[in-house]
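Each chain is listed here by its residues.
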Amino acid sequence: MADIQERDKLIKEWIAETAEKIEAAKSERLNIEEKSARNDLVTNMDKQIEKALTDKIRTQFPNDRICGEEGFGDELEDLDGTVWFIDPIDGTLNFVLQQENFAVMIGVYENGIGQQGYIYDVTQKRLYHAVKGQGVYCNEEPVEKPENKSLTEGLLATNSQLMTKDQFSEYRKLADQSMGVRMLGSAGLEVIELAKGNVIGYIASKLSPWDIAPGKVILEEFGFKIRQFDGTEVNLLNRNKTIFATPRAYDEIMTNIS
Ligand code: 2AM
Ligand code: CA
């Protein structure tokens, strides 16, 4: 197994290089393609960043495997050994339509256990990270553990489909019970909102392993719950209907939807 501090240093360097690349490309025209739907986009930047990060990982850690959004990683059938989760741009729709509110995310797992999680809010220039057992940091400053607030005491983050599609109508009652709903369109930035105590939960109807893995490491440092809607552990080989929440909000959410 690699030395965690050494890997931590490298990841931070790679994220800083990625941020410079995004900044330098600001004035260039984006090449935008549709993937599964008109609101599921990929740009040349998503691909370039994932390619650069996977190249660096393969050079430094040739025995590790990679699960990435844009196809430069490996086809995984298990989580044995060291697995890297890469989301080059989380919130691509925001990146295209707003040029802000997106994140670069990296997670490192060993035999399925989260060891390191990194979410870089590119616009705010804030790197949230956690190494398992060492707490949560924002730009190297410790982040205080948020209060264990209940659903009725706080704001609830969701993805937009959960609030608009009839198939998810039962989840709207959670929104009603909370103090109100907030939506940023980036799973990583929603995790940051949870880490700051700005929301008490984030529920999303379809998240991929790279959307979940980095934030899971960060929020587990605070003892928060990260589960599927049916209460089972998330599966990092598949898409998941996912709940991230304070322990109190999680219990109330589960009581309400089961
Ligand atoms: P992405 O931008 O990396 O695709 C938006 O609600 C959040 O859900 C974003 O974090 C987005 O990540 C994620 N997401 C996962 N699958 C998606 C899909 N098929 N379409 C849109 N957003 C998706
Ligand atoms: Ca992405």
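Residues numbered from 1 in each chain as written. Chains lettered and ligands numbered in written order. Predicted model: local features only at pLDDT ≥ 70, side-chain atom pairs only at ≥ 80, totals over all residues. Heavy atoms only, no water.

J.: How would you sum up unusual backbone geometry? Please name residues and give values.
T.: Backbone geometry places N111, a non-glycine residue, at a positive phi of 50°. Along the chain, N111 falls in the loop between β5 (103-110) and β6 (113-121). Accessibility expressed as a relative area gives 49% for N111, which makes it partly exposed. Although it is not a glycine, E140 sits at a positive phi angle of roughly 75°. (Helix = DSSP H or I, 4+ residues; strand = E, 2+ residues; numbered from the N terminus. Buried < 20%, exposed > 50% of the residue type's maximum accessible area, 1.4 Å probe, protein only.)

J.: Tell me about the sheet that holds strand β12 (residues 201-207), residues and numbers included.
T.: On the basis of which strands lie adjacent, the open sheet formed by 5 strands has the order β11-β10-β12-β14-β13 and mixed pairing. Looking along the sheet, the strands with just one partner apiece sit at the ends: β11 (180-182) and β13 (225-228). In this sheet, neighbouring strand axes are inclined to one another by 20° on average, regardless of whether the strands run parallel or antiparallel. With 5 bridges connecting them, β12 and strand β14 (residues 240-245) associate as antiparallel partners. The residue of β14 that forms the bridge with L207 is N240. Helix α8 (residues 247-257) contacts β10 (155-158), β12, β13 and β14 of the sheet and is inclined by roughly 135° relative to β14. (Pairing = 2+ DSSP bridges. Axes fitted to C-alpha atoms, helices over the stretch in contact; angles between N-to-C directions. Contact = heavy atoms within 4.5 Å.)

J.: Report on the pattern of salt bridges, specifying residues and quantitative values.
T.: As a working rule, side chains carrying opposite charge can pair if their charged atoms are close by. Taken as a whole, this structure holds 16 salt bridges when the rule is applied. Residue R248 is joined to E153 by a salt bridge in which the shortest nitrogen-to-oxygen separation is 3.5 Å. Of this pair, R248 sits in helix α8 while E153 sits in the loop between β9 (141-142) and β10, and the two are 95 residues apart along the sequence. Judged by relative accessible area, which is 40%, E153 ranks as partly exposed. (Salt bridge = Lys/Arg side-chain N within 4 Å of Asp/Glu carboxyl O.)

J.: So what's going on with the packing of aromatic side chains? Residues and values would help.
T.: A complete count under the given rule lists 8 aromatic pairs for this structure. Ring plane angle 45° and centroid distance 4.8 Å describe the contact between Y171 and F229, whose orientation is recorded as tilted. Within this pair, whereas Y171 is found in the loop between α4 (160-164) and α5 (172-177), its partner F229 is found in the loop between β13 and β14, the two being separated by 58 residues in sequence. F229 shares its class with Y171; the two are buried. (Phe/Tyr/Trp six-rings, centres within 6.5 Å; stacked < 30°, edge-to-face > 60°.)

J.: If you had to explain the domain arrangement of the chain to someone new, which residues and values would you point to?
T.: We note that the domain assignment places domain 1 (4-142) and domain 2 (151-257) within the chain. For domain 1 and domain 2, the distance between their C-alpha centres works out to 21 Å. On the domain 2 side, the residues contacting the 37 residues of domain 1 number 22 residues. Taken together, both faces of the contact between domain 1 and domain 2 bury some 2,200 Å²; the carbon and sulfur share is 71%. On the domain 1 side of the contact with domain 2, Y109, I119 and Y128 bury the most area, a combined 24% of that side's loss. Across the contact surface, domain 1 and domain 2 share 0 salt bridges. Applying the counting criterion to the domain 1 and domain 2 interface returns 9 residue pairs in polar contact (both at pLDDT 80 or more). Looking at the side of domain 1 that touches domain 2, the elements with two or more residues in it are β3 (65-68), β4 (82-90), β5, β6 and β7 (126-131). (Domains from an automatic or database assignment. Buried area = accessible area lost by both parts, 1.4 Å probe. Polar contact = N/O pair within 3.5 Å; in protein donor to acceptor, adjacent residues only side chain to side chain.)

J.: Got a sec to walk through the packing of helix α6 (residues 187-196) against helix α7 (residues 209-220)? Specific residues and values, please.
T.: The description of two packed helices rests on the angle between their axes and on the distance between the axes. Where α6 meets α7, the closest approach of the two axes is 9 Å, and the angle between their N-to-C directions is 10°. Classified by the angle their axes make, α6 and α7 are roughly parallel. Seen from α6, the contacting residues are A187, V191, L194 and A195; seen from α7, they are D211, G215 and L219. In terms of residue class, the contact of α6 with α7 is made up of 5 nonpolar, 1 polar and 1 charged. (Parallel < 35°, antiparallel > 145°, perpendicular 65-115°, else oblique. Nonpolar A, V, L, I, M, F, W, Y, C, P; charged D, E, K, R; others polar.)

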